[in-house]
Amino acid sequence: MCVIQVGRRIESTVLPLELLQQFKAADFTDQREYDAWQKRNLKMLEAGLLLHPHMPLDKSNTAAQRLRQIIQAALDRPIETGRNNESMQVLRTAVMTLANRSPDGSLFESCHWADGFPLNLRLYEILLEACFDVNDEASIIEEVDELMDLIKKTWGILGLNQMLHNICFSWVLFNRYVATGQVENDLLDAADSQLAEVAKDAKTTKDSAYAKILNSTLTAMLGWAEKRLLAYHDTFDAGNIESMPTIVSIGVSAAKILVEDISNEYRRRRKSEVDVARSRIDTYIRSSLRTAFAQLMEKADSSRRASRHQPNPLPVLAILAKDVGELASKENEIFSPILKRWHPFAAGVAVATLHVCYGNELKQFVSGITELTPDAVQVLRAADKLEKDLVQIAVEDSVDSDDGGKAIIREMPPFEAEGAIGNMVKDWIKTRIDRLKEWVDRNLQQEVWNPQANEGGFAPSAVEVLRIIDETLDAFFQLPIPMHPALLPDLMSGLDRYLQYYVSKAKSGCGSRNTYVPTMPALTRCTTATKLWKKKDKMLNTKRNSQVATMNGDNSSGVLQLCVRINTFHRIRTEVEVLEKRIITLLRNSESAHVEDFSNGLGKKFEISPAACIEGIQQLSEAVAYRIIFHDLSPVLWDGLYIGEPASSRIEPFLQELEKNLTIISNTVNERVRTRMVADIMRASFDGFLLVLLAGGPSRAFTQQDSQIIEDDFKSLKDVFWANGDGLPVDVINKYSTTVRDVLPLFRADAESLIERFRRSTLETYGSSAKSRLPLPPTSGQWNPTEPNTLLRVLCYRNDEAASKFLKKTYNLPKKL
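Predicted model, so just to flag it, every value in this text is computed and none were measured. (Residues numbered from 1 in each chain as written. Predicted model: local features only at pLDDT ≥ 70, side-chain atom pairs only at ≥ 80, totals over all residues. Heavy atoms only, no water.)

So, the packing of aromatic side chains
To describe a pair of aromatic rings, one takes the distance between the centres and the angle between the planes. Following the criterion strictly, the structure yields 19 aromatic pairs and no others. Relative to Tyr-811, the ring of Phe-758 lies with its centre 6.5 Å away and its plane at 75 degrees, an arrangement referred to as edge-to-face. Of this pair, Phe-758 sits in helix α34 (residues 751–766) while Tyr-811 sits in helix α36 (residues 801–811); the two residues are 53 residues apart in sequence, bridging distant segments of the chain. Take Phe-758: its relative accessible area is 0%, and that puts it in the buried class. (Phe/Tyr/Trp six-rings, centres within 6.5 Å; stacked < 30°, edge-to-face > 60°. Helix = DSSP H or I, 4+ residues; strand = E, 2+ residues; numbered from the N terminus. Buried < 20%, exposed > 50% of the residue type's maximum accessible area, 1.4 Å probe, protein only.)

The structure is reproduced here in structure tokens:
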């Protein structure tokens, strides 16, 4: 009417807004009627523009916030209307801004205030609610078929179809059942039947709008159903058990549609991999029984507290075992037959869940048992009876399954007396191992490590250690337990750590390679430096000797004593292999062993002690080698070789002493480790030879002609270890002599070529910064004929005018050695 008068098109107007603007309170019979009419129009605006808009609303939309404020205020106090009224203008601005929105931000020519799809569904839902009797909200009117025909005529207007009708009608029936106190099961059955139609529809369409409505509706229904099913022992009793099958059906149907027809993840996977119904029922059973079990725990604890003043009160877990058995029987008789429609092994899943719950509590109880007390026996007997009852139900329920119920039984790990026995055996193992550790601490303090006092060249303490381990294994396999294979890894781990501890204590304080290698001296060409070196070397030897004496006393880390330790570690490593074979024999003779117990070596082998023996042999072998060269033979090597004139102080005295030591070593150490030790001594002697040449202090100086003497002496040194073919293999000698062979040609070179090579090497190392002034290269100790420090040291020990001038000019070192 007014719209036509001003020449505006109907699609460009917002009808409730126009009505509010045109009609005033005077047009109504009384103020209350006008107020109600105004609220209805405002509610219509709220539904069309805020609750169910044509396009989704951003939370930060200011027009929406403003309209919401206006409507909220108007519900408390009516607003003044009229075309030119200020409050009406504010309302109009907010309404038209929302009604004319478009996806790209521009304004539509037509208003979209009542064409949001959710609004149409809400209107249709209201129409469907007319099917219920006004006087009995839980009953459907007799004329429902005629009324439904009329309602369906609105489909063309509201843009609906049969699929949308089915989902709407399912929701209306379900919602009415919930709203009316959940007592009319016919409504619930009708909703379930209608949901079956929805399931058919969902498989035939991929419409995104329909899927969105379906998702929100079914999610709400599923949430309501699961709230009851995840704790169905609290939800259902004798008075309402009839409704349980329908509620389960609704929950399962909704879940299947949501997962199978809406979930993209499900479509990407093979449908045969997922049984939605079975999976949901499995979840409901486990969740509900866990909740019921927790309540039983509280009840049992209360019973225990109530009877604590009575003679011989039952332990909590004994009470709990009885209650859990009764719960399992109730589950099997009442709930499992209902749930079996969707899960063929519902009872098995239920008792497996109860078994796990009780087993967890029993495990904590058993962990505190140190001996089999009367309470412990009572609990274990009750647990044993409960376990038999639960297993019986599981077996009967799974008799028709493909695996005969094995999958369910696997969920029920035994909690009989074995657990208690196992813990006590572990305590027995721990006690034995602790005693062994105390024995090691006590006996190693008394061990003398003397080859003359030890038959076989190894320590008596090692023989005793191995004897105790052997006896411990015998005692373990004689224990009257049915679980030797299961507990053997614990025993093996303890014995393994014990042997490792013995090796660690036996090598403690014996030093290593670094204990005997002297600190690398700085470059020297003057008397002052000589004093510093000798002072430093004296302090090093004092510290080294003091350290050895403090840690071992009575020279227990002398060369021969170290050899006995090496022999001992080798003996332990060999005997460990024998022990492992014996363990397999003992295990085969054990009644509790099965074939699968021998399928792998895990738990039946010593893992860390063999590696500790190898590491100990390596450490002490190097310690022996470097002690002999840098400590015992220091007088003939460091204080004698090439002192003064090289021609008159050659290597022969050192070689004589070296051969004596090699003979002692060969006669003392086991032949299986002898080659390794001789190779370590060879490496140490080569290191010592190079140290004399490159860091021997100012008492040594070499001419170019001395190079032949040095080369001959080194060949003699190598020959000692070759021993005319009876010693080390040539390839081993060549491997360890590589560095010396590379460095020796420097002593044959003239000073000028050495200086040139030093300049070039320094420039390559330091770049352009070395052009103006050659920097003093640091001492790395990694000798190499191309390394600046190695070249410079050869120059420093060169008794040559050219070398002296270069060193004086470049580094202001003294001209004379």
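Once you've had a look at it, read on.
Points about the pattern of salt bridges
Tallied over the full model, the rule gives 32 salt bridges. One salt bridge connects Arg-122 with Glu-125, and the closest N-O pair in it is separated by 3.1 Å. Residue Arg-122 and its partner Glu-125 are both found in helix α6 (residues 117–128); the two are separated by three residues, about one turn of the helix. Overall, Arg-122 belongs to the partly exposed group, its relative accessible area being 34%. Of the residues examined, Glu-125 reaches a relative accessible area of 16% and is grouped as buried. Note that Arg-650 is salt-bridged to Asp-713, the shortest N-O span being 2.9 Å. Pair noted here: Arg-650 is in the loop between α27 (634–637) and α28 (652–668) and Asp-713 is in helix α30 (residues 707–722), with a separation of 63 residues, a long-range link. Note on Arg-650: relative accessible area 33%, which makes it partly exposed. Taking relative accessible area as the criterion, Asp-713 reaches 3% and is therefore assigned buried. Residues joined in a network through salt bridges with shared partners are Glu-622, Arg-676, Asp-680 and Arg-683. (Salt bridge = Lys/Arg side-chain N within 4 Å of Asp/Glu carboxyl O.)

Comments concerning the packing of helix α2 (residues 15–22) against helix α5 (residues 86–99)
Direction vectors running N to C along α2 and α5 enclose 170 degrees, while the axes themselves pass 11 Å from each other. In terms of orientation, α2 lies roughly antiparallel with respect to α5. Counting all contacts with α2, which are made through Leu-17, Glu-18, Leu-20 and Gln-21, the residues of α5 involved are Met-88, Leu-91, Arg-92, Val-95 and Met-96. Here the residues of the contact of α2 with α5 sort into six nonpolar, one polar and two charged. (Axes fitted to C-alpha atoms, helices over the stretch in contact; angles between N-to-C directions. Parallel < 35°, antiparallel > 145°, perpendicular 65-115°, else oblique. Contact = heavy atoms within 4.5 Å. Nonpolar A, V, L, I, M, F, W, Y, C, P; charged D, E, K, R; others polar.)

A closer look at the nonpolar core
By size, the foremost hydrophobic cluster in this structure holds 114 residues, and its most contacted members are Tyr-502, Ile-629, Leu-658, Phe-689, Leu-717 and Phe-721. Apart from the residues lying within four places of it in its own chain, the contact partners of Tyr-502 are Val-440, Leu-444, Trp-449, Ala-459, Ser-461, Ala-462, Val-465, Thr-568 and Ile-572. Of all hydrophobic cores here, the second largest spans 93 residues; its members include Ile-250, Ile-257, Leu-380 and Leu-390. (Core = buried A, V, L, I, M, F, W, Y, C linked by side-chain atoms within 4.5 Å.)

Thoughts on the environment of Glu-137
Residue position: Glu-137 is located in the loop between α6 and α7 (144–152). Separated by 40 residues in the primary sequence, Glu-137 and Tyr-177 place their C-alpha atoms 9.3 Å from one another. Contacts of Glu-137, omitting those with residues within four sequence positions, involve Phe-132, Arg-176 and Thr-180.

Side note on the packing of helix α25 (residues 559–588) against α28
At a closest axis distance of 10 Å, the pairing of α25 and α28 adopts a crossing angle of 30 degrees. In the packing of α25 onto α28, the handedness of the crossing is right-handed. For the pair α25 and α28, the contacting residues are Val-559, Leu-560, Cys-563 and Asn-567 in the first and Ile-664, Ile-665 and Thr-668 in the second. When its residues are assigned to classes, the contact of α25 with α28 shows five nonpolar, two polar and no charged. (Left-handed = near helix turned anticlockwise from the far one by under 90°.)

Comments concerning unusual backbone geometry
One non-glycine residue with positive phi stands out, namely Gln-182, at about 60 degrees. In this structure, Gln-182 sits in the loop between α9 (162–179) and α10 (185–204). Given a relative accessible area of 30%, Gln-182 falls into the partly exposed group.

Quick notes on the environment of Thr-246
Relative to the elements of secondary structure, Thr-246 occurs in helix α13 (residues 244–262). A sequence separation of 60 residues divides Thr-246 from Asp-186, and the C-alpha atoms of the two residues are 10.0 Å apart. Setting aside residues up to four positions removed in sequence, Thr-246 forms contacts with Leu-188, Asp-189 and Asp-192.

Brief notes about the confidence of the model for the chain
Residues of the chain with pLDDT of at least 70 account for 87%, and the chain-wide mean is 84. Looking across the chain, the model is least confident in helix α24 (residues 527–552), with a mean pLDDT of 39, and most confident in helix α33 (residues 745–748), with 96. Scored below 50 in pLDDT, residues 1–7 shows six contacts in the model against residues more than four places distant or in partner chains. In this model residues 526–554 is a low-confidence stretch, pLDDT under 50, and it forms 31 contacts with partners more than four residues away in sequence or in other chains. (pLDDT = per-residue confidence, 0-100.)

Considering the side chain of Thr-246
Take Thr-246: its relative accessible area is 11%, and that puts it in the buried class. Here Asp-189 takes part through its side chain, which lies 2.8 Å from a polar atom of the side chain of Thr-246. (Polar contact = N/O pair within 3.5 Å; in protein donor to acceptor, adjacent residues only side chain to side chain.)

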